[in-house]
Each structure stands twice: as structure tokens, then as C-alpha cells.
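The primary structure of each chain is shown beneath.
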Amino acid sequence: MSRYDYDLFVIGAGSGGVRASRVSAAHGARVAVAEEYRVGGTCVIRGCVPKKLLVYGAHFAEDLNDAAMFGWDVPTKRFDWPILRDHVQAEVKRLEGLYNETLKSNKVETFLERATITGPNEVRLASGSTLSAGKILIATGARPFLPEIPGIEHAITSNEVFHLKKMPKRIVIVGGGYIANEFAGVFHQFGAHVTLVNRSDTILRGYDESMRDRLLQISIAKGIDFKFISSIEAIARAEHGGLQLTMAGCDDIVVDEVLYAVGRKPNIEGLGLESLGITIGERGEIKVDSAARTNVPSVFAIGDVTDRIQLTPVAIREGQAFADTQFGDKPPFEVDYDCVPNAVFSHPPIAGVGMTEGEARNRLGSIKVFTSDFRAMKNVMAGRNERSLYKMVVEEASDRIVGIHMIGPDAPEILQAAAIAVKARLTKADFDATVALHPTMAEELVLMR
Ligand code: NDP
């Protein structure tokens with residue numbers, strides 16, 4: 001019989017924490033998890049899932065317009081934000097219920113309160129009890145970063161954006177990353193005037209340059225405003241309603257909402273990490289080794305709090321690896337961070353895997369680049385002048401495909417399959433040998449010459 005109350009105590013019931021909890025429990029460990037907000041974490045409650053539902057909702061704006069060329073008469077079009085907002089929240093609640101059910105059916109004890117680490121094998125719950133565990137796993141995720149400027153309390157983040165009382169007519173979105181570009185598309189489709197403000201002169205730094213340029217070009221053509229090398233110095237209530245933004249780098253702006261999306265910070269505050277001497281990195285992240293272990297041998301961390309790749313499937317994989325390695329009867333496995341596919345659910349979406357053209361040139365020297373720049377059949381008929389762009393980056397010496405990047409309708413859906421080929425180190429010749437599936441957009445992947 002163990003001398004601890006639990007074999008594993010997990011702090012944070014997000015994607016990573018829930019996976020680690022339930023798999024460890026399935027391996028026979030006695031597991032408890034503490035969650036101070038809602039089971040499901042950022043992805044399910046206020047991230048990927050509700051965001052994707054809004055992206056679907058937003059896309060109807062274009063689809064309903066395009067329908068006319070396909071013979072459909074849509075006499076009235078009116079968007080009702082509260083209906084979509086409430087349906088999205090109902091779906092989030094349903095998923096939260098499923099996550100709770102999963103924990104329960106795996107016999108994971110759930111404490112809906114804050115937990116603080118008080119020793120290498122001890123946690124204290126906000127309600128006062130102290131519990132012991134053989135291992136502690138920190139999976140507390142990250143939260144939106146907000147700069148300290150006057151009036152910042154008037155701004156919202158991706159935490160609040162799903163609950164807006166009404167759709168703003170004018171919105172400024174600060175940042176040029178994933179969240180900023182995804183919500184720029186969403187708000188624009190819902191009829192808001194969107195201004196995207198970024199401190200640098202680019203969007204989506206780190207993405208393939210051709211994809212970024214194409215998204216920028218399409219977004220500008222749609223009517224989204226971009227203010228580069230600009231920032232907000234102060235936010236105040238405007239005289240006739242709305243918010244007055246004092247800007248640096250461009251003229252002042254009056255809007256109804258300001259959404260900040262300038263990166264996310266690991267949630268480490270109040271966890272008791274200092275007293276245990278757990279090593280924290282420069283970005284506030286918990287430092288771990290390849291087995292997710294901190295410098296305190298009984299304490300582990302996974303997911304966004306470790307700030308490696310801030311993506312849900314990565315956190316889930318880290319949770320699975322932790323559980324299998326610590327409590328399973330399989331040989332230990334480490335997460336492979338190479339060729340992790342990613343997507344931006346902008347309008348249109350971008351997706352990519354492997355090296356960008358720039359990275360490949362720097363790292364491999366001699367490369368071949370194949371592109372397909374085309375207008376999707378549906379867009380042609382709808383009279384929508386929006387071109388897709390696919391790019392394949394190939395190592396010259398080996399003919400191996402080292403990167404695929406795409407922007408266009410359904411790009412993330414197509415890229416997931418293409419990512420298998422890149423991960424499996426297939427060559428351009430393998431793609432050339434594959435017969436096209438016609439008529440699709442994806443066939444461009446095997447037709448690039
Ligand atoms: P990102 O890291 O994607 O982008 C941050 C943006 O904010 C950059 O444009 C950056 O500018 C700018 N920025 C950074 N720091 C500051 C600062 N101090 N002041 C002003 N501007 C600043 O962050 P997001 O918030 O958009 O997303 C956070 C993370 O969430 C992402 O990294 C991603 O991992 C995850 N996510 C993933 C999604 C997906 O998979 N589809 C969707 C949403 C989020 P610069 O141009 O100079 O770099």
C-alpha cells in the first residue's frame with residue numbers, strides 16, 4: 001500500500017491534464033485532478049473549439065453570397081450574434097460534461113478548486129485540505145498576455161471574446177499572430193470594421209512568407225485595415241460612446257472593442273513553485289527534460305505551461321507520453337516535436353508542416369520549390385477573386401519533401417493527410433507517382449511540376 005493519498009495529483013484539467021489523468025488511471029494509478037475554472041481547459045472552453053464554431057458561423061457570410069451563382073435565392077440575410085454565441089456556449093457546456101464524465105468513468109477524483117504545491121509530494125487545496133501524491137503533474141496552461149498601458153481594463157482577450165453582449169461595429173485587434181488573424185476574419189465576416197494593429201511590419205511571423213503575403217493581400221482586399229509598426233499607448237472611454245485609442249505609429253482610432261492577442265504567458269503564479277525551487281525559464285515557462293520532469297524529481301509539467309509548442313495536440317501527446325512512461329507497462333516514449341502540422345483558421349485558412357522555404361534555404365542550402373497558384377473552381381463560379389497558393393519545399397539532393405504550406409479553402413483538412421507524407425519522409429517522386437483525385441483542390445499537391 002502506497003504511503004501517499006494518490007499515485008498522481010494533476011493540477012489543471014485541460015487537454016494535457018485530462019489525457020494524463022485518465023490514461024494514468026487506466027494504467028492502474030490512483031489519480032486526482034484539481035481544476036479552478038472549468039474542466040476542458042483553454043481549448044475546449046475558450047479556445048480552439050468555440051473559435052472553430054465561430055469560424056464556421058462566419059463562413060456563412062461568404063457562402064450565402066456565393067449561393068446566388070449556384071441558383072439559390074437567399075432573400076434575407078441577417079446575422080444574430082446572440083444566437084450563435086449561445087449555441088456555441090451550449091456546445092462548450094456539452095463537451096465540458098463529456099470531459100467530466102471521462103474523468104469519472106476512469107475513476108479520477110476531481111476537485112473543482114485551486115491547488116498549490118506545498119512539498120515535493122504534497123498539495124494544498126483552496127478549501128484547506130492537504131493531500132499527498134507520489135507524483136505531481138502541472139498542466140495549468142497559459143493565459144493571454146496584456147501589456148500595462150493606461151485603460152487596459154477596457155480591452156478584452158480571447159477569454160472574453162466568446163461572451164460579447166453584442167457584435168461591435170468597429171474593432172481593433174492587437175497582434176499579428178494566430179488569434180489576431182483568426183478573429184480578424186471572424187469579425188469581418190460578421191460585418192464589423194476590423195483594424196489589425198501589430199508592433200512589427202508583418203503578420204504570422206514564422207509562417208512561410210508566401211502564405212503570409214497571400215493572406216495579407218486577401219484580407220486587405222476584403223476590407224480589413226492593417227496598421228503595422230504601431231501600438232496602442234492608452235485606451236479611454238470616448239465622449240460619444242466607444243473607446244478612444246491613443247496610438248503610436250498611426251492616427252488615433254475610435255472603436256467599440258479592443259481585442260488583445262499578443263501571445264500567451266504560462267500560468268505559474270501561486271502554484272508554490274518558488275518555495276520548491278522549481279526552475280523557471282526566461283519566458284516564465286516551467287523547465288522540463290524530455291520526460292517532462294522538472295528539477296524536482298517527483299514534479300512534472302506538460303502543455304502550454306512549459307511553452308514548447310503551444311498547441312492542443314502537442315499537450316495531449318505530452319500527457320499520453322507522461323502517463324505511459326510513468327504508469328504504463330510500455331517502454332518510455334518521448335514526444336517527437338519534428339514536423340508538427342499547424343493551421344491558422346483565418347479566412348481563408350493557412351496550414352503548414354515542416355520547414356518554410358526560408359528555413360529550408362538556410363538549413364539545407366540547395367532546395368527546389370514547387371508552387372501552385374490557382375483559383376478554386378467554386379470561387380471561379382461564384383465570381384470570388386480569391387486565389388489559393390500551395391507550396392512544396394524539396395531537398396534537392398534527396399528529393400525529400402521537407403515542407404508543405406497551403407492557403408485556401410479547407411487547407412487544414414487537406415494538410416493533415418499531407419503531413420503524414422512529410423513526416424514519413426516521402427519524396428517528390430512519390431507525390432508525382434500518385435494519380436490526381438479530380439476535381440479537387442487537393443489534387444494540386446500531386447500535380448506540381
Ligand atoms: P502569437 O504568438 O501567435 O502572436 C503574437 C503576436 O503578438 C505577434 O504578432 C507579435 O508580434 C505580437 N506581440 C508579441 N508580444 C507583444 C507585445 N509585448 N506587444 C505587442 N505585440 C506583441 O500569439 P497569439 O496570442 O495569437 O496566440 C498564442 C498562441 O496560441 C499561439 O502561439 C498558438 O500556439 C496558440 N494558438 C493556436 C491556434 C491554432 O493552432 N490555430 C489558434 C490560436 C492560438 P511580432 O509580429 O513582432 O512577432
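Scroll up to find the structure.
In short, a report on the structure. Starting from 1, residues in each chain are numbered consecutively following that chain's sequence as written. Selection of residues for local features in this predicted model requires a pLDDT of at least 70, selection of side-chain atom pairs for listing and counting requires 80 or more, and totals for whole chains, interfaces and linings are taken over all residues. To get the side-chain values, all heavy atoms of the structure are used, and hydrogens and water are removed first.

Some words on the overall build of the protein
Then step 1. Along the backbone of the protein there are 13 helices and 21 strands.
Then step 2. The size measure is the radius of gyration over C-alpha atoms, and the globule rule it meets is 2.2 Å times the number of residues to the 0.38 power. On C-alpha atoms alone, the protein measures out to a radius of gyration of 24 Å, which is about the 22 Å that the 2.2 N^0.38 rule sets for 449 residues.
Then step 3. Seen along its three principal axes, the alpha-carbon backbone of the protein occupies a region of about 70 × 65 × 40 Å.
Then step 4. The buried label applies to any residue whose accessible area, calculated with a 1.4 Å probe on protein chains only, is under 20% of its type's maximum; exposed applies above 50%, and partly exposed to all values in between. Here the protein holds 449 residues, and the buried ones make up 51% of them.
Then step 5. Whether two residues are in contact is decided by their heavy atoms, any of which lying within 4.5 Å being enough. Partitioning the contacts of the protein with sequence separation of at least 6, the portion at a separation of at least 24 is 62%.
Then step 6. The protein chains shown are the only cover counted for residues, whose accessible areas, like all others here, come from Shrake-Rupley with a 1.4 Å probe. Put simply, the protein shows about 21300 Å² of open surface, and 53% of that area lies on carbon and sulfur atoms.
Then step 7. Think of it this way: Lys and Arg go in the positive column, Asp and Glu in the negative one, and His and the chain ends go nowhere. To locate a charge, take atom NZ for lysine, CZ for arginine, CG for aspartate or CD for glutamate. The averaged location of the 57 negative side-chain charges in the protein is 2 Å from the averaged location of its 51 positive side-chain charges. Secondary structure elements follow DSSP: runs of H or I no shorter than four residues count as helices, runs of E no shorter than two count as strands, and numbering proceeds from the N terminus.

A look at the nonpolar core
Within soluble globular proteins, side chains that are nonpolar tend to cluster in buried spots.
Then step 1. Counting 40 residues, the largest nonpolar core has Leu 54, Val 161, Ile 173, Phe 183, Phe 187, Leu 259 and Ile 350 as the members making the most contacts within it.
Then step 2. Only helix H2 (41-46), helix H3 (48-66), helix H4 (81-105), strand E8 (170-174), helix H5 (178-189), strand E9 (193-197) and helix H6 (209-222) provide two or more residues apiece to this core.
Then step 3. Apart from residues no more than four positions distant in its own chain, Leu 259 is found in contact with Ile 156, Thr 157, Ser 158, Val 161, Ile 171, Val 172, Ile 173, Val 174, Phe 183 and Phe 187.
Then step 4. Buried Ala, Val, Leu, Ile, Met, Phe, Trp, Tyr and Cys residues that are joined via side-chain atoms within 4.5 Å together make up what is termed a nonpolar core. Grouped together as the second largest cluster of nonpolar side chains are 25 residues, Ala 376, Met 406, Leu 415 and Leu 445 included.

A short note on the sheet that holds strand E13 (residues 253-255)
Then step 1. Here, a strand pair is defined by DSSP locating no fewer than two bridges between the strands. Spatially, E11-E12-E13 is the arrangement adopted by the 3 strands of the open sheet, whose pairing is antiparallel. At either end of the open sheet lies a strand with only one pairing partner, and these are strand E11 (231-237) and E13. Sheet twist, expressed as the mean angle between neighbouring strand axes with direction ignored, is 25 degrees.
Then step 2. Bridge count between E11 and strand E12 (residues 243-248): 6 bridges; the pairing is antiparallel. Of the residues in E12, the one forming a bridge with Ala 234 is Thr 246. Lines are fitted to the C-alpha atoms to define the axes, a helix being fitted only along its stretch in contact, and any angle between axes, read from their N-to-C directions, falls within 0 to 180 degrees.

Focus: the packing of aromatic side chains
Then step 1. Think of it this way: a Phe, Tyr or Trp ring, Trp meaning its six-membered ring, pairs with another when their centres are within 6.5 Å, and the plane angle makes it stacked under 30 degrees, edge-to-face over 60, tilted otherwise. Within this structure, the stated rule accounts for 11 aromatic pairs.
Then step 2. Centre to centre, the rings of Tyr 6 and Phe 9 are 6.3 Å apart; their planes meet at 70 degrees, and the pair counts as edge-to-face.
Then step 3. Exposure remark for Phe 9: the relative accessible area of 0% places this residue in the buried category.
Then step 4. Seen in terms of ring centroids, Phe 322 and Phe 327 are 6.2 Å apart; in terms of plane orientation they differ by 75 degrees. Their pairing is edge-to-face.

Looking at the site of the ligand
Then step 1. Taken together, 20 residues form the shell around the ligand, and within it Arg 199, Ser 200, Arg 205, Gln 310 and Ala 343 come nearest.
Then step 2. Contacts described as polar in this section are N or O atom pairs within 3.5 Å, which, within protein, must combine one atom able to donate a hydrogen with one able to accept it, while residues neighboring in sequence count only if both atoms come from side chains. Arg 205 is positioned such that a nitrogen or oxygen atom in its side chain is 2.5 Å from an oxygen atom of the ligand.
Then step 3. For the ligand, the accessible surface in isolation is 910 Å², of which the surrounding protein chains cover 77%.
Then step 4. Per-element tally for the shell around the ligand: the top contributor is H5, with 3 residues.
Then step 5. Broken down by class, the residue content of the shell around the ligand amounts to 8 nonpolar, 7 polar and 5 charged. Residues are counted as near a molecule or strand when any one of their heavy atoms sits within 4 Å of it. Side-chain classes are defined by residue name, with Ala, Val, Leu, Ile, Met, Phe, Trp, Tyr, Cys and Pro counting as nonpolar, Asp, Glu, Lys and Arg as charged, and the others, Gly among them, as polar.

Brief notes about the environment of Glu 91
Then step 1. For Glu 91, the position within the fold is in helix H4.
Then step 2. Here the alpha-carbon distance between Glu 91 and Val 44, two residues 47 residues apart in the chain, equals 9.6 Å.

Here's the deal with the sheet that holds strand E21 (residues 401-407)
Then step 1. Taking strand neighbours across the sheet as the criterion, the 5 strands line up as E17-E18-E21-E20-E19 in an open arrangement whose pairing is antiparallel. The open sheet is flanked by strand E17 (342-344) and strand E19 (367-375), the only strands paired with a single partner. Direction aside, neighbouring strands of the sheet carry axes that sit 10 degrees apart on average.
Then step 2. Examined bridge by bridge, E19 and strand E20 (residues 387-395) share 9 bridges and lie antiparallel to one another. In the strand pairing of E20, Asp 373 is matched with Leu 389.
Then step 3. Running at roughly 170 degrees to E19, helix H9 (residues 357-364) makes contact with strand E18 (350-354), E19, E20 and E21 of the sheet.

Thoughts on unusual backbone geometry
Then step 1. A cis geometry characterises the amide bond from His 347 onward to Pro 348, with omega recorded as 0 degrees.
Then step 2. Tracing the chain through its elements places Pro 348 in the loop between E17 and E18.
Then step 3. Cis geometry marks the peptide bond from His 438 to Pro 439, where omega comes out at -10 degrees.
Then step 4. Mapped onto the secondary structure, Pro 439 falls in the loop between helix H12 (428-432) and helix H13 (444-447).
Then step 5. Positioned with a positive phi, Leu 204 is a non-glycine residue whose angle comes to about 50 degrees.
Then step 6. Within the secondary structure, Leu 204 sits in the loop between E9 and H6.
Then step 7. For Leu 204, a relative accessible area of 3% translates into the label buried.

Points about the packing of H3 against H5
Then step 1. Where H3 contacts H5, the two axes come as close as 8 Å, and the packing angle between them is 45 degrees. Between H3 and H5, the angle is such that the two are oblique. The two elements H3 and H5 cross, and the hand of that crossing is left-handed. In this structure, H3 uses Lys 51, Leu 54, Val 55, Ala 58, Ala 61 and Glu 62 to contact H5, whose residues at the interface are Glu 182, Phe 183, Val 186 and Gln 189.
Then step 2. Grouping the amino acids of the contact of H3 with H5 by side-chain chemistry returns 6 nonpolar, 1 polar and 3 charged. For classification purposes, an angle smaller than 35 degrees is called roughly parallel, one larger than 145 roughly antiparallel, one from 65 to 115 roughly perpendicular, and anything else oblique. Crossings are assigned a handedness: left-handed for a near helix turned anticlockwise from the far helix by less than a right angle, right-handed for a clockwise turn.

Concerning the pattern of salt bridges
Then step 1. The rule for a salt bridge is simple: a side-chain nitrogen of Lys or Arg has to be within 4 Å of a carboxyl oxygen of Asp or Glu. Within the structure shown, the criterion is met by 26 salt bridges.
Then step 2. Three or more residues joined by partner-sharing salt bridges are found here, namely Glu 62, Asp 66, Lys 222, Arg 384 and Glu 386.

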